[in-house]
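Chain and residue survey
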Amino acid sequence: MSGLQGLSYIVTGGGTGIGAACATRLAADGAAVAICGRTEAKLTDTIARFSASDAASGGGSIRALVADVTSEEDVQRLVAFALEATGSLNGVVANAGGGGSIMPLHLQELTDFTRVLHLNVIGTFLLVKHTVAHLVAAGGGSFVGMSSIAGTATHPYFGAYTVSKAGIESLMRNAADEYGASNVRFNSVRPGFISTEIMEGIPRDSAVFESYLENTPMHGVGEPEDIADLARFLLGPESHWITGQAIGVDGGHSLRRGPDFGSFIEPFLGKDVMLARRPLGG
């Protein structure tokens, strides 16, 4: 692929995992990358790791801003911060997101359900809202929304997470339709089981982890760099005729069903509570 010298990108959630890998991949090809997150120390770590790597010799850079993507004011600050590097903006990876409590739907708390929707869907929407005019002004650009295999395959007990990821994919498709005439592309990436800090919380000897492997034809887990490589392709000129798509990076997991987290919560709730046959504490 060609270099990205002179181009500017935003990567949210850039302090760890997939976001850090995406930022590093873009900067390694010469891009000026602005990352954000809510924890300054994690953002600083991403910059330090990149600066100490061989990839830093490509002329790219990573700069960081502490920001919350659910805050419209913070998103506006982030965009202004990114524009400082080159005066323009060429692409976005809307990676910041997260999940909530693992519970049957009838036991989900409204505040937690709403929080996840705000983080994943509203956060992505605000980035679209405040970056698209700059992408158009740059002559076109590319926006990548971070979905999940949970956006299309059922994931029992995941609550708002599955809904929010499906919402991101719908948002990307509609944006692709609205702004295609301005040469701005919108696509979603669907990571499967990726070796990140969050996924390290799943014991490798648990029934949940085994359910992942049983449903993955390639029988393993992915790395953040696997997602970063696809994001780099979608953000670069090589993918200029691809828009409105949701692409899985999951070792074939999407050919099956999502993992079964029931074994995590059944010991605490009981089967009858999980199936709404009796109330919690009844």
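Conventions and cut-offs
- Residues numbered from 1 in each chain as written.
- Predicted model: local features only at pLDDT ≥ 70, side-chain atom pairs only at ≥ 80, totals over all residues.
- Heavy atoms only, no water.
- Helix = DSSP H or I, 4+ residues; strand = E, 2+ residues; numbered from the N terminus.
- Expected span 1.5 Å × (residues − 1).
- Buried < 20%, exposed > 50% of the residue type's maximum accessible area, 1.4 Å probe, protein only.
- Polar contact = N/O pair within 3.5 Å; in protein donor to acceptor, adjacent residues only side chain to side chain.
- Contact = heavy atoms within 4.5 Å.
- Disulfide = S-S within 2.5 Å.
- Axes fitted to C-alpha atoms, helices over the stretch in contact; angles between N-to-C directions.
- Parallel < 35°, antiparallel > 145°, perpendicular 65-115°, else oblique.
- Left-handed = near helix turned anticlockwise from the far one by under 90°.
- Nonpolar A, V, L, I, M, F, W, Y, C, P; charged D, E, K, R; others polar.
- Pairing = 2+ DSSP bridges.
- Arc of directions from axis to C-beta.
- Salt bridge = Lys/Arg side-chain N within 4 Å of Asp/Glu carboxyl O.

Moving on, we get to helix α7 (residues 224-235). For α7, with 12 residues, the first-to-last C-alpha span of 16 Å sits near the 16 Å given by 1.5 Å per residue. Residues Pro 224, Ile 227, Ala 228, Leu 230, Ala 231, Arg 232, Leu 234 and Leu 235 constitute the buried set of α7.

In this section: the side chain of Asn 120. Position of Asn 120 among the secondary structure elements: in helix α4 (residues 110-137). Judged by its relative accessible area of 0%, Asn 120 falls in the buried class. A polar contact of 2.9 Å, which involves the side chain of Asn 120, links it to the backbone oxygen of Gly 98. Contact partners of Asn 120, with chain neighbours within four places excluded, come to Ala 96, Gly 97, Gly 98, Tyr 161, Ser 164, Lys 165 and Ile 168.

A few words now on the state of the cysteines. This model, assessed by the stated rule, comprises 0 disulfides. Between Cys 22, a cysteine without a disulfide, and Cys 36, which holds the nearest cysteine sulfur, the sulfur-to-sulfur distance is 13 Å. Overall, the relative accessible area of 2% leaves Cys 22 in the buried class.

Axis separation between helix α3 (residues 72-86) and α4 bottoms out at 9 Å; the angle between their running directions is 30 degrees. With respect to α4, the axis of α3 lies roughly parallel. At the point where α3 passes α4, the crossing takes the right-handed sense. Across the interface between the two elements, Glu 72, Val 75, Gln 76, Leu 78, Val 79 and Leu 83 from α3 touch Leu 126, Leu 127, Lys 129, His 130, Thr 131 and His 134 from α4. Partitioned by chemical class, the residues of the contact of α3 with α4 number 6 nonpolar, 4 polar and 2 charged.

Turning next to the sheet that holds strand β4 (residues 91-94). Taken in spatial order, the 7 strands line up as β3-β2-β1-β4-β5-β6-β7 in an open sheet, and their pairing is parallel. The open sheet has two edge strands, β3 (61-66) and β7 (246-249), and neither has a second partner. Neighbour-to-neighbour, the strand axes of the sheet open up by a mean angle of 20 degrees, direction not taken into account. With 4 bridges connecting them, β4 and strand β5 (residues 141-146) associate as parallel partners. Following the sheet pairing, Val 93 is matched in β5 by Val 144. The strands touched by helix α5 (residues 160-179) are β5, β6 (184-191) and β7; relative to β6, the strand with the most contacts, the crossing angle is about 160 degrees.

Take the packing of α4 against α5 next. Closest axis-to-axis distance for the α4/α5 pair is 8 Å, and the angle between their directions is 15 degrees. As summarised for this structure, α4 and α5 are arranged roughly parallel, according to the angle between their axes. Like other packed secondary-structure pairs, α4 and α5 cross with a definite hand, here right-handed. For the pair formed by α4 and α5, the contact residues are Phe 113, Val 116, Leu 117, Asn 120, Val 121, Thr 124, Phe 125, Val 128 and Val 132 on the first element and Ala 160, Tyr 161, Val 163, Ser 164, Lys 165, Ile 168, Leu 171, Met 172 and Tyr 179 on the second. Residues belonging to the contact of α4 with α5 are distributed by class as follows: 14 nonpolar, 3 polar and 1 charged.

For the rest of this paragraph, the subject is α3. Within α3, the full set of buried residues consists of Asp 74, Val 75, Leu 78, Val 79, Phe 81 and Ala 82. Summarising the axial view, the buried residues of α3 lie within an arc of 160 degrees, below the 170-degree limit, and thus occupy one face. Exposed and facing more than 90 degrees away from the buried side of α3 are Glu 73 and Glu 84. In the core, the buried residues of α3 are packed alongside β1 (8-12), β2 (32-37), β3 and α4. Two residues or fewer past α3, Gly 87 is found with a positive phi of approximately 90 degrees.

Here the focus is the pattern of salt bridges. Applying the stated rule across the entire model yields 10 salt bridges. One salt bridge in this structure joins Arg 63 and Glu 84, with 2.9 Å as the shortest N-O distance. Here Arg 63, found in strand β3, pairs with Glu 84, found in helix α3; they are 21 residues apart in sequence, far enough to count as distant. A relative accessible area of 25% places Arg 63 in the partly exposed class. Among the ionic pairs, Arg 232 bridges to Glu 238, the shortest N-O distance being 3.4 Å. On the basis of relative accessible area, Arg 232 is assigned to the buried category, the value being 1%. Given a relative accessible area of 29%, Glu 238 falls into the partly exposed group. Through salt bridges with shared partners, a single network forms among Arg 25, Asp 29, Asp 229, Arg 232 and Glu 238.

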